[in-house]
Amino acid sequence: MAMAPATGLMSLLMLVVLGGGIGLPLGVPPQQPDPMLAHAAPPHCLYYVAWVGMADPDPASGNHTERLLAEPEVQLFIRELRTLATQAAERFGQHGAPFQQTVASHAPLLAEVLLTHATLVFVERVTPQPSGALVVNLGDDAAAVQDALRALRACVPAAMVQDVQVAGIACVRIQPRGDAPAITIGMRDSHLIVAVGQQSLEGVIERVQRATPPDWLTQAVADAQLPPRPSTLGYLNVEEVLKVVGSAGGPQVQAGLDALGLSELTRVVSVSGLDDEGFVRRTRVWTRSSDRGLLKLLPDKPLTAEQLAGIPHDVSLAAVLRLDLAQVFEQALAVSGALQPAVAQRLAEQLVAVERQLGFAIKHDLLDALGDVWTVHTAPSGGGLLAGWTLTVDVRDRNRLQATHAQLLKAAQAWLDRAPADRAPRIRTFQAGGVEAYTLEVPTEEFLAAPSWCLTETHLVITPFPQTLKSYLAPRDAGQSVADQPAVARLLDADSPACALTYQDTRSQFLTFYPLLQVGAQLAARHLAQEGLDIDPAVLPSTSAIAPHLLPATGAVRRTADGWELESRGTLPGMSMGASTPMLVALLLPAVQAAREAARRTQSMNNLKMIGLALHNYHATHQAFPPAYSVDQPGQPLLSWRVHILPYLDQQALYKEFHLDEPWDSEHNKQLIGRMPQVFASPNSVAGPGKTVYLGNASKD
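What counts, and where the lines are drawn
Residues numbered from 1 in each chain as written. Predicted model: local features only at pLDDT ≥ 70, side-chain atom pairs only at ≥ 80, totals over all residues. Heavy atoms only, no water. Helix = DSSP H or I, 4+ residues; strand = E, 2+ residues; numbered from the N terminus. Buried < 20%, exposed > 50% of the residue type's maximum accessible area, 1.4 Å probe, protein only. Salt bridge = Lys/Arg side-chain N within 4 Å of Asp/Glu carboxyl O. Axes fitted to C-alpha atoms, helices over the stretch in contact; angles between N-to-C directions. Parallel < 35°, antiparallel > 145°, perpendicular 65-115°, else oblique. Left-handed = near helix turned anticlockwise from the far one by under 90°. Contact = heavy atoms within 4.5 Å. Core = buried A, V, L, I, M, F, W, Y, C linked by side-chain atoms within 4.5 Å. Phe/Tyr/Trp six-rings, centres within 6.5 Å; stacked < 30°, edge-to-face > 60°. Lys NZ or Arg CZ within 6 Å of the ring centre and 35° of its normal.

Novice: Hey, could you run me through unusual backbone geometry in this one?
Specialist: Most peptide bonds are trans, and most residues other than glycine sit at a negative phi. Here the residue pair valine 28 and proline 29 is connected by a cis peptide bond, since its omega of -10° sits within 30 degrees of zero. As for its placement among the helices and strands, proline 29 is situated in the loop between α1 (8–19) and α2 (35–39). For the bond running from threonine 127 to proline 128, omega is -5°, close enough to zero to count as cis. If you check the backbone angles, aspartate 650 has positive phi at about 60° while not being a glycine. With respect to the helices and strands, aspartate 650 occurs in the loop between α21 (641–644) and α22 (652–657). Residue class for aspartate 650 comes out exposed when judged on its relative accessible area of 75%.

Novice: Teacher, can you tell me more about the pattern of salt bridges here?
Specialist: Any two side chains of opposite charge can pair, so long as their charged atoms come close to each other. Under the counting rule described, the total for this entry stands at 26 salt bridges. A salt bridge links arginine 428 to glutamate 441; the shortest N-O distance between them is 2.6 Å. Of this pair, arginine 428 sits in strand β14 (residues 426–432) while glutamate 441 sits in strand β15 (residues 435–441), and the two are 13 residues apart along the sequence.

Novice: For this particular structure, what's the right way to read the packing of helix α10 (residues 251–260) against helix α11 (residues 325–339)?
Specialist: The geometry of α10 relative to α11 is characterised by a closest axis approach of 9 Å and an angle of 165° between their N-to-C directions. With respect to α11, the element α10 is oriented roughly antiparallel. Like other packed secondary-structure pairs, α10 and α11 cross with a definite hand, here right-handed. Taken together, the residues of α11 that come into contact with α10 (itself represented by Ala255, Gly256, Ala259 and Leu260) are Val335, Ala338 and Leu339.

Novice: Would you mind going over the side chain of threonine 266 with me for this structure?
Specialist: Structurally, threonine 266 is set in strand β9 (residues 265–274). With a relative accessible area of 16%, threonine 266 lands in the buried category. Filtering out sequence-adjacent residues up to four positions away, threonine 266 remains in contact with Leu236, Asn237, Val238, Glu239, Trp286, Thr287 and Arg288.

Novice: What exactly am I supposed to notice about the nonpolar core here?
Specialist: For soluble globular proteins, the rule of thumb is that nonpolar side chains tend to be buried together. Counting residues in hydrophobic clusters, the biggest one holds 31 residues, and the most contacted among them are Tyr48, Leu120 and Val204. By size, the runner-up hydrophobic cluster in this structure holds 23 residues, among which are Phe279, Phe510, Ala525 and Val539.

Novice: For this particular structure, what's the right way to read the packing of aromatic side chains?
Specialist: Aromatic ring pairs are defined here through the distance separating the ring centres and the angle between the ring planes. Under the criterion given, the structure shown has six aromatic pairs. When the ring of tyrosine 438 is compared with that of tryptophan 453, the centres are 5.8 Å apart and the planes differ by 20°; the resulting orientation is stacked. Residue tyrosine 438 is located in strand β15, and its partner tryptophan 453 is located in strand β16 (residues 452–455); the two are separated by 15 residues in the primary sequence. Judged by its relative accessible area of 18%, tryptophan 453 is buried. Put simply, the rings of Tyr48, Trp216 and Tyr235 touch in pairs and so form one group of aromatic residues. Over the aromatic face of tryptophan 286 sits the side chain of arginine 267, whose NZ or CZ is 3.8 Å from the ring centroid. Sitting over the face of the ring of tryptophan 564, arginine 559 holds its NZ or CZ atom 4.3 Å from the ring centroid.

Written out as structure tokens, the structure reads:
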């Protein structure tokens with residue numbers, strides 16, 4: 001393959017793993033766009049996504065993402081992952097049916113070509129008959145892909161396949177059973193075209209010959225503000241999709257879309273690629289109106305540096321959002337009233353009862369007293385990623401909120417007084433930063449935090465520990481907030497300032513958590529080795545190969561004249577290493593192991609169910625369960641109950657091969673041990689071939 005050894009599928013996997021798995025970084029680093037993909041787009045489209053081919057990364061590039069991929073250690077890691085993927089595919093097909101073996105042998109090539117070559121996927125319509133296509137520029141891999149497709153074709157029933165001519169091109173048409181649309185596969189020059197529906201492939205060929213992109217695509221490109229080196233372009237005609245959904249769902253579904261405000265959405269355009277520094281992804285959403293349903297809740301007022309002043313300069317992660325809870329409360333009641341009036345009425349009645357018990361009105365006395373600027377952050381100076389999380393919201397009416405807080409404390413204390421004395425939580429008060437603060441102590445070993453909070457002159461502050469609260473309220477020098485970080489200042493000083501933003505110090509988080517990933521790699525390598533997959537954890541890149549290329553990761557939401565814009569920037573697509581690594585180590589590795597164990601446990605349970613059914617079917621035939629083992633005339637053991645239930649496990653042919661009058665280890669019978677059915681093999685067992693841990697209970701009787 002032309003590029004696979006250098007970048008390819010494993011480059012993709014590398015960025016996904018480091019980037020947290022949020023959005024495939026297709027076409028990174030990007031080649032020049034393929035004009036044919038734009039020309040192949042239909043005049044009217046529901047969904048369109050295209051990505052350019054992957055180029056070899058340039059170690060001299062000024063772009064940090066490209067230089068990261070060009071690191072020799074990263075390239076070695078990519079090659080090792082590619083080998084591992086090939087091994088996994090071979091293992092998958094090793095003992096499978098012929099079709100499974102064929103798919104396994106060709107899947108790595110097809111997946112790599114699809115994800116690393118210039119590709120287009122579009123859906124023209126879904127009713128009355130689906131229509132769409134996949135177009136891939138195979139380049140130098142055309143011959144290899146055609147060989148793979150011919151091998152896969154041989155596995156499809158002959159009655160479903162026919163050779164056809166479409167616009168002078170020799171094609172293969174697959175007609176699945178039932179009402180499923182036909183699939184037509186053909187080649188035009190180096191481009192593979194897989195079309196779904198009648199006349200879809202013909203339409204692609206005709207449009208390519210005209211060599212002009214449709215108006216909607218031209219407009220989308222103009223609106224998208226493409227990065228200097230674009231990688232992907234996506235388009236969703238939300239208006240038409242919602243019409244299909246509303247038509248299929250009937251009046252009730254359409255009413256729900258209207259009540260939620262979703263029917264005001266018209267289209268979405270998303271682009272990604274490389275700029276001068278790193279990776280950028282930008283998504284624009286267009287609406288007819290933003291004054292209905294959930295759209296009213298989206299942020300639309302720009303943030304200022306003053307509103308970020310409480311977030312320290314050394315912050316590891318921060319998020320700031322404008323959200324008016326009073327407005328959320330009103331909209332929730334309005335939407336529920338429009339969708340389910342009876343349910344809304346019951347909610348209103350229950351709300352009155354709750355407010356009577358609390359002694360205050362939730363909206364007027366609590367939500368209206370809160371502001372609309374919410375922040376959450378964690379910083380080393382406040383306790384780090386484990387203990388330093390701090391939530392704040394500005395306050396509109398401190399006096400009203402203070403009175404409501406007193407009522408809440410009174411109600412909480414009344415509830416705590418009714419709890420058993422030895423297990424009753426309690427609320428302590430303490431002084432922090434010149435204000436009275438509170439902490440909730442829960443006397444159980446499972447509850448490790450001590451939620452703490454206070455009400456300052458301007459903010460309600462909530463932290464997991466009192467020490468975190470004290471750190472937040474400690475005096476701080478002016479000009480030492482996250483707003484002074486260059487990446488954040490750029491978001492606030494733009495022509496259209498952000499009305500919601502996120503910031504992550506990717507490099508410091510990486511340096512903190514990458515050692516844990518190295519430990520996880522050792523554990524993962526051992527588990528993979530047990531399953532026959534050999535990977536050397538030493539090929540994991542060193543810290544010095546990755547850290548210098550890591551830029552802070554930022555995300556922003558901006559209000560536009562006709563909708564919203566979402567933008568993210570950084571070295572790694574999606575989440576940063578710091579955010580993803582602790583989750584990978586603390587959650588994903590145990591979760592993968594737990595999922596594997598759960599799958600094995602489920603398979604073992606299924607095995608036992610099949611064995612149990614076989615025993616009962618044996619009983620129905622012989623009016624008794626099988627003996628622990630059959631015996632010869634002198635009473636010597638011959639064959640176990642497992643052999644005698646083979647006919648009831650769809651293993652009649654194997655059963656007939658046994659010499660029933662000979663013991664299990666006779667010259668003839670022992671040759672059949674290696675053919676033990678999988679139903680007797682527990683996935684959790686380390687027993688050797690022909691051995692099982694599924695045993696029968698036996699006693700002297």
